[in-house]
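Here's the letter readout for the chains.
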Amino acid sequence: MNILLFSFPEAVALTNKLQAHLNAEFGLFQVRDFPDGETYVRIDSDVTYKTVFIVCYLDHPNTKALTLMFMARTLKALGAKNVILVAPYLPYMRQDKQFHPGEAITSIQFAEWLSSIVDGLITIDPHLHRIKQLTDIYPISVITLHAIKPISEWIKQHVSNPLIVGPDEESFQWVKMIADELGAPCVVSKKTRHGDRDITIEFPVINDKHLTPVIVDDIISTGTSMAKIAEQLLMQTLSPPICIGIHALFSHDAYDHLLNAGVKEIVTCNTIPHVTNQIDISAILVDGMSQLVNVN
Ligand code: R5P
């Protein structure tokens, strides 16, 4: 067996699905905390000359980064041919420029660091805005996958007469593709961000009140973007919107905040585990993993 899957504990359910589709075995390892809080890592499988995937949800990246580094570097030191990170959600993509003097451009620094510990990266819908493609900042093999098809499929099965709504200009990329897949109308608002939870939205007038608004965004973090759009839609007497997020970050009370904004339903992809996960992206990941295995 030349492919091994090493799963972070919380990603085991997802890794099981991947394993079922790939000719792969689970890699065995131990991770535990020493009493002082430092991390102990031991790889128990023979990884020599093997392609090794590490499956890790990278939300809250600061709490996982060191363990990931210890694992990746140990796998490499033990002779793995390729160490490839499967991170369905790629963090640190939003601070992609210096907005104010003295700020760290963490997108670039994180990319440099991650590229120094793994040979390849597979991810889904990273937040590409000013950085146009991941390979602009990641000098390793990268596969960027998209959740457009399963999202469109979910909408097709659950919503009649959808109007696909994007919160901001960046969202146009996936909003347009989903609308085209469905043959549905779409609209994108203009968002200005003044702070983490302080945004203003300019939303066009929707004349057809029979449409069912489906707000689609890549990330739901504080939920403010979606809540503000919901407010605008309700003010225009449209029906309560369905909110679809690819990456369910939901910081602090974001989930309740969004539910209380009068939305009909909140649905996300399982790129980060959350009670709202309804759209399965494992088949997309299998495609990406197969592509990388065939290249290397
Ligand atoms: C940023 O531009 C992203 O595409 C999302 O719109 C944003 O991260 C959502 O954040 P929040 O849920 O905090 O409004």
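A short tour of the structure in this document, coming up. Nothing here was measured: the structure is a model prediction, and the numbers come from that model. (Residues numbered from 1 in each chain as written. Predicted model: local features only at pLDDT ≥ 70, side-chain atom pairs only at ≥ 80, totals over all residues. Heavy atoms only, no water.)

**Some words on the overall build of the protein chain**
Reasoning step 1: Helix and strand counts for the protein chain come out as eight helices and 16 strands.
Reasoning step 2: For the protein chain, whose C-alpha radius of gyration is 20 Å, the value lies close to the compact-globule estimate of 19 Å for 296 residues.
Reasoning step 3: Projecting the C-alpha coordinates of the protein chain onto the three principal axes gives extents of approximately 65 × 45 × 35 Å.
Reasoning step 4: A total of 296 residues make up the protein chain; the buried ones form 52% of that total.
Reasoning step 5: Of the contacts made within the protein chain by residues no fewer than 6 positions apart, 63% connect residues no fewer than 24 positions apart.
Reasoning step 6: When the accessible surface of the protein chain is split by element, carbon and sulfur atoms take 51% of a total near 13600 Å².
Reasoning step 7: For the protein chain, the centre of its 22 positive side-chain charges and the centre of its 32 negative side-chain charges are spaced 2 Å apart. (Helix = DSSP H or I, 4+ residues; strand = E, 2+ residues; numbered from the N terminus. Rg over C-alpha atoms; globule rule 2.2 N^0.38 Å. Buried < 20%, exposed > 50% of the residue type's maximum accessible area, 1.4 Å probe, protein only. Contact = heavy atoms within 4.5 Å. Areas by Shrake-Rupley, 256 points an atom, 1.4 Å probe, with all protein chains shown as cover. Lys, Arg positive; Asp, Glu negative; His and termini not counted. Charge placed at Lys NZ, Arg CZ, Asp CG, Glu CD.)

**With respect to the environment of Q278**
Reasoning step 1: Following the sequence through the fold, Q278 ends up in strand β16 (residues 277-279).
Reasoning step 2: On the basis of relative accessibility, which here comes to 40%, the residue Q278 falls in the partly exposed class.
Reasoning step 3: When neighbours within four sequence positions are excluded, Q278 is seen to be in contact with W154, E265, V267 and T268.
Reasoning step 4: Of the polar contacts made by the side chain of Q278, one reaches the side chain of E265; its length is 3.0 Å. (Polar contact = N/O pair within 3.5 Å; in protein donor to acceptor, adjacent residues only side chain to side chain.)

**Things to note about the site of the ligand**
Reasoning step 1: Lining the immediate surroundings of the ligand are 15 residues, of which D217, D218, T222, G223 and S225 lie closest.
Reasoning step 2: In the environment of the ligand, an oxygen atom lies 2.5 Å from a nitrogen or oxygen atom belonging to the side chain of D217.
Reasoning step 3: A total of 370 Å² of accessible area belongs to the ligand in isolation, and the protein chains cover 94% of it.
Reasoning step 4: The set of elements that each furnish at least two residues to the shell around the ligand consists of β11 (190-195), β13 (212-220) and α6 (224-235).
Reasoning step 5: With four residues, β13 is the largest single contributor of residues to the shell around the ligand.
Reasoning step 6: Class assignment for the residues of the shell around the ligand results in two nonpolar, six polar and seven charged. (Near = heavy atom within 4 Å. Nonpolar A, V, L, I, M, F, W, Y, C, P; charged D, E, K, R; others polar.)

**Some points on the environment of E170**
Reasoning step 1: Among the structural elements, E170 can be located in the loop between β9 (162-166) and α5 (172-182).
Reasoning step 2: Sequence-distant contacts of E170, defined by excluding residues within four places in its chain, comprise H127 and H129.

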